[in-house]
Amino acid sequence: MTKVSWKIFWDLQCPFSKKMWEKLPAIKEKHGSEYDFSIYICSLPFHPQAFTAQCGASLIEGIKGGDAMMTYVDACFENQESFMNDAIGDAKKSEIDEAFASIAEKAGVFDGTFTKEAFLADLHNWEKAVKPAYTEHKIALGYGVYGTPKNVINE
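In this report, the structure presented in the accompanying data block is examined. (Residues numbered from 1 in each chain as written. Predicted model: local features only at pLDDT ≥ 70, side-chain atom pairs only at ≥ 80, totals over all residues. Heavy atoms only, no water.)

**A few points about the overall build of the protein chain**
Counted only if it meets this: Only DSSP runs of H or I covering at least 4 residues are called helices, and only runs of E covering at least 2 are called strands; the numbering of each starts at the N terminus. Atoms counted for the radius of gyration: C-alpha only. Globule rule: 2.2 Å times the number of residues to the power 0.38. Throughout, exposure labels follow a simple rule: accessible area from a 1.4 Å probe, protein chains only, divided by the maximum for the residue type, with under 20% read as buried, over 50% as exposed, and the rest as partly exposed. Here a residue-residue contact requires only that any non-hydrogen atoms of the pair lie within 4.5 Å. In this tally, Lys and Arg are treated as positive and Asp and Glu as negative; His is ignored, and so are the chain termini. Throughout, a charge is located at the NZ atom of Lys, the CZ atom of Arg, the CG atom of Asp or the CD atom of Glu.
A tally of helices and strands in the protein chain yields 7 helices and 3 strands. Reading the protein chain from its N end, one meets helices and strands in the order β-α-β-α-α-α-α-α-α-β. Over its C-alpha atoms the protein chain spans a radius of gyration of 15 Å, differing by no more than 12% from the 15 Å that the globule rule assigns to 155 residues. Classification of the 155 residues of the protein chain by burial places 45% in the buried group. Taking all contacts inside the protein chain whose residues are at least 6 apart in sequence as the whole, residues at least 24 apart take part in 73%. Side-chain charges in the protein chain split into 16 positive and 22 negative, and the spacing between the mean points of these groups amounts to 4 Å.

**Things to note about the pairing of strand 1 (residues 4-11)**
To be explicit about the condition: DSSP bridges decide pairing: two strands pair if at least two such bridges lie between them. Viewed with both strands pointing away, a crossover whose connecting path from the first strand over the helix to the second turns clockwise is right-handed.
The element strand 1 is extensively covered by neighbouring structure, given that 7 of its 8 residues are classed as buried. Sheet topology places strand 1 next to strand 2 (residues 35-42); 8 bridges connect them, and they run parallel. Note on strand 2: the bridge partner recorded for aspartate 11 is cysteine 42. Once the chain exits strand 1 it traverses helix 1 (residues 15-31) before rejoining the sheet at strand 2, and the crossover so formed is right-handed. Bridge count for strand 1 against strand 3 (residues 150-153) is 4 bridges, and the pairing is antiparallel. In the sheet register, lysine 7 faces strand 3, and the bridge partner there is valine 152.

**Observations concerning helix 1**
For clarity, the threshold we go by: Expected helix span is given by 1.5 Å per residue-to-residue step, counting one fewer step than there are residues. Think of it this way: the bend at a residue is just the angle between two axes, each fitted to seven residues, one set ending at that residue and the other starting at it.
Helix length check: helix 1, at 17 residues, gives a terminal C-alpha distance of 24 Å against a target of 24 Å (1.5 Å per residue), a fit within 8%. The principal kink in helix 1, of about 45°, is found at lysine 23, preceding the proline proline 25 by one to four residues. Next to the buried residues of helix 1 lie strand 1, strand 2, helix 3 (66-78) and strand 3.

Such coordinate-based values are descriptive only and should not be taken to indicate function.
The following block contains the structure:
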């Protein structure tokens, strides 16, 4: 039997996306034999730290692969309060970058070949982080994602 596609779109700063992230293991356990789950990260314009978080996910996926990216996504949701607007305040861009580098570090995605310093140096690199994040965002828009979480089943 061919599995049906289930696309999930999340914004890493969205508290509603976090709620779905918390429920995803149970959903996969119940429906995993029927559906092929795909996670997409996007950023909503009213979540100012979301695009930086998404660039971090894209950078990690490009260098370390999908499993490492999901480890980072998990860590972002686990530490979401640390980069919400109230926690960040009027922080400088470099301080926001550091917040996501610290989340990635705590998640254990860094090693001898990919360091915290490399993450910070490439977080806003067009080819390594921004363009892949922007491309994924355009995919989300193509599915009508204007809020998160959004689920698209067997488009």
